[in-house]
Amino acid sequence: MKKVRSKNSRIQSKLITYIWICIFPFIIFFVFAIFRLLGYYQQNDQLVRNITSANQYNMDFKNAMDEMMYKIIIGSANWTDSEKKLEGEDPKGLIEEAELHFIELRKNTTSQNVQADLDALIKLLGILDERVDDILRNVDEGGHYDENIEMLDMNIRTLTSLIQDDIQKYIYDEATNMEMLRREVASSLVSNMRLLVVMLIIMLIVVFYLSRRLSRRITQPITELCEMTEKFAGGDFTVSYHTDSNDEMETLAKSFNSMVKEIKVLVEDIHREQENAKDAELRLLQEQINPHFLYNTLDAIIWMTESGENKKAIQIIQELSSFFRISLSKGQSEISIKNEKEHVRSYLEIQRYRYQDILDYEIEFDEDILEYHIQKLTLQPIVENALYHGIKNKRGRGMIRVTGKAEGDDIVFTVEDNGRGMNEEELARLKRLISGEESTDDQSGFGMANVEKRLEMLYGDKYGMTVKSEFGEGTIVTVRIPKV
């Protein structure tokens, strides 16, 4: 027994040695290549960021400065009254920001031609700052309108044109440096590829030699197990491997057979889950884009057009476009609460055109929650349920009120209608639908159940939907989500 352990230890030691002999040259090569590529990446990234930041000034600085000074001269921007000064109309601040930006770029560059470009640019910004001071003093004194206009044309606009030219020259020189860097990277890549090919050939020779030696240690049980594994990988879950050897291979065979059985069960479970997921996905898509809602809306548009109500038809088309744009949201599952509010508004506005004799609505969201995110199509199915099961079944006009506000770390929405309401039996059934205890083909009922399921999966049992209703009085649905 001791002799076998000693032999196994020597084999293990040799295997480890062979592996390191194969790996070590590649480790050295790849560490070297990574550091080289990292250096190239940092240089290229710096050049791209420099060009991008400078390009913003190339596009905006001249127009912004010329327009700002013109407004100050004609009095559109009240420069002399700091309390009435419009945000963003500070020419001194704009120049200072540009100077600081290009000074920072000057510190980070080692190219002489780029340094010269930036030196000239910074100098022009200083001259521009002096000319702006001249006009601002005249504005403070008053009565220099013609002189200021002349200074604007002769000094300010000329200087901003020169600054824009210098920015474009800086961008061109940085782009030239980027092209030089690209050529250097390409040359280095070719050299590294040649080195890699040589190392690969050497390693193939070494591996071939080692494989010849190690192949003598490969036993028949391992070969048989490989054949069983290939059959199993091909989808044959009936394979079973047995061996008479009383060693690690016996343990491996038992583990293999156990794994085959477990994976077979798991694959069957996955197949069932995939079928369920497909059904759920299909119903979710059906819930998101209700064909009846679309058809009815298009019919209304046709009717309005034929009746000569083209203005109303255009408005409802605009609302329908907004509704479906947010419904699709480029495939995103989360949208801002601001967009969710617009989605609900578009839906209710469309329905108001169709049910103008019975439907009024109000939407009130606190401003401080609009930038938080919410799962798409959270409120619209609830609003749809309020319309079709509350307002439509009531005599006379009805009101749907949608609100949203923050409560601590949570956001709470309510959808309230003064429609027909529900008795205890109807309310109990709706709660069973929402909890998933009962299924339905009703579009709005399925939509509310889908909302509850998604909220519970995302946020846990603490969050979700609650419903209160009184027959003849109306229904209130409350949705609670965390601030995201």
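Structure's up top.
A quick note: this is a predicted structure, and the numbers were derived from the prediction, not measured.

Asks: Explain the sheet that holds strand β4 (residues 398-407) residue by residue, including any values.
Replies: Reading across the sheet, the five strands line up as β2-β4-β5-β7-β6 and stay open at both edges, with mixed pairing between neighbours. A single partner strand is all that each edge strand has here, and the edge strands are β2 (359-365) and β6 (464-470). Mean inter-strand twist for the sheet, computed between neighbouring axes without regard to direction, equals 10 degrees. Here strand β5 (residues 410-417) runs beside strand β7 (residues 474-482); their pairing, made up of eight bridges, is antiparallel. Looking at β7, one finds that I411 is bridged to I481. Contacting β2, β4, β5, β6 and β7, helix α10 (residues 380-391) runs over the sheet at an angle of about 150 degrees to β4.

Asks: Can you break down the nonpolar core residue by residue, with the values?
Replies: F365, I400, V402, F413 and M465 are the most contacted members of the largest nonpolar core, which totals 48 residues. Residues in contact with F413, not counting those within four places in the same chain, are I337, F365, I369, I374, L379, T403, G404, V477, T478, V479 and I481. One finds M68, F102, V139 and L159 within the second-largest nonpolar core, a separate group that totals 31 residues.

Asks: I'd like a description of unusual backbone geometry, backed by residues and values.
Replies: At L377, a residue that is not glycine, the phi angle is positive and equals roughly 60 degrees. If you trace the backbone, L377 turns up in the loop between β3 (373-375) and α10.

Asks: Outline the environment of I74, listing residues and values.
Replies: Tracing the backbone shows I74 in helix α1 (residues 2-74). I74 sits 75 residues away from I149 along the chain, and the two C-alpha atoms are 8.9 Å apart.

Asks: An account of the pairing of β6 is needed here, citing residue identities and associated values.
Replies: In the sheet, β6 pairs with β7 via seven bridges, with the strands oriented antiparallel. The residue bridging T466 from the neighbouring strand is T478, located in β7.

Asks: Requested: an account of the packing of helix α2 (residues 91-107) against helix α3 (residues 112-141), with residues and values cited.
Replies: Contact geometry for α2 and α3: axes closest at 10 Å, N-to-C directions at 165 degrees. Judged by the inter-axis angle, α2 sits roughly antiparallel to α3. Two packed elements cross with a definite hand, and for α2 against α3 that hand is left-handed. Residues P91, K92, I95, A98, E99, F102, I103, L105 and R106 of α2 lie in contact with α3, whose contacting residues are Q115, L118, D119, L121, I122, L125, G126, L128, D129, V132, D133 and L136. Considering only residue class, the contact of α2 with α3 consists of 13 nonpolar, two polar and six charged.

Asks: Which residues make up a negative patch on the surface, and what values go with them?
Replies: Taken together, D140, E141, D146, E147 and E150 make up a surface patch of like negative charges. Taken together, the elements giving at least two residues each to the negative patch come down to α3 and α4 (145-214). The biggest single contributor to the negative patch is α4, with three residues. With respect to the element layout, E147 can be found in helix α4. Owing to a relative accessible area of 37%, E147 belongs among the partly exposed residues under this scheme.

Asks: Lay out the packing of helix α8 (residues 310-328) against helix α9 (residues 337-354) with the relevant residues and their values.
Replies: Axis separation between α8 and α9 bottoms out at 9 Å; the angle between their running directions is 145 degrees. Of the two elements, α8 crosses α9, and the hand of that crossing is left-handed. Facing α8, whose interface residues are K312, Q315, I316, E319, L320, S322, F323, I326 and S327, α9 presents N339, E342, H343, R345, S346, Y347, E349, I350 and Y353. Tallied by class, the residues present in the contact of α8 with α9 amount to seven nonpolar, six polar and five charged.

Asks: Run through the packing of aromatic side chains, naming residues and quoting values.
Replies: Across all of its chains, the model carries four aromatic pairs by this definition. By way of ring pairs, the aromatic residues F323, F324 and Y347 are connected into one cluster. Just above the ring of Y353 sits the side chain of R352; from NZ or CZ to the centre is 5.4 Å.

Criteria and cut-off values
Residues numbered from 1 in each chain as written. Predicted model: local features only at pLDDT ≥ 70, side-chain atom pairs only at ≥ 80, totals over all residues. Heavy atoms only, no water. Pairing = 2+ DSSP bridges. Helix = DSSP H or I, 4+ residues; strand = E, 2+ residues; numbered from the N terminus. Axes fitted to C-alpha atoms, helices over the stretch in contact; angles between N-to-C directions. Contact = heavy atoms within 4.5 Å. Core = buried A, V, L, I, M, F, W, Y, C linked by side-chain atoms within 4.5 Å. Buried < 20%, exposed > 50% of the residue type's maximum accessible area, 1.4 Å probe, protein only. Parallel < 35°, antiparallel > 145°, perpendicular 65-115°, else oblique. Left-handed = near helix turned anticlockwise from the far one by under 90°. Nonpolar A, V, L, I, M, F, W, Y, C, P; charged D, E, K, R; others polar. Patch = residues over 30% accessible without salt bridge, like charges linked within 9 Å, V, L, I, M, F, W, Y side chains within 5 Å. Areas by Shrake-Rupley, 256 points an atom, 1.4 Å probe, with all protein chains shown as cover. Salt bridge = Lys/Arg side-chain N within 4 Å of Asp/Glu carboxyl O. Lys, Arg positive; Asp, Glu negative; His and termini not counted. Charge placed at Lys NZ, Arg CZ, Asp CG, Glu CD. Phe/Tyr/Trp six-rings, centres within 6.5 Å; stacked < 30°, edge-to-face > 60°. Lys NZ or Arg CZ within 6 Å of the ring centre and 35° of its normal.

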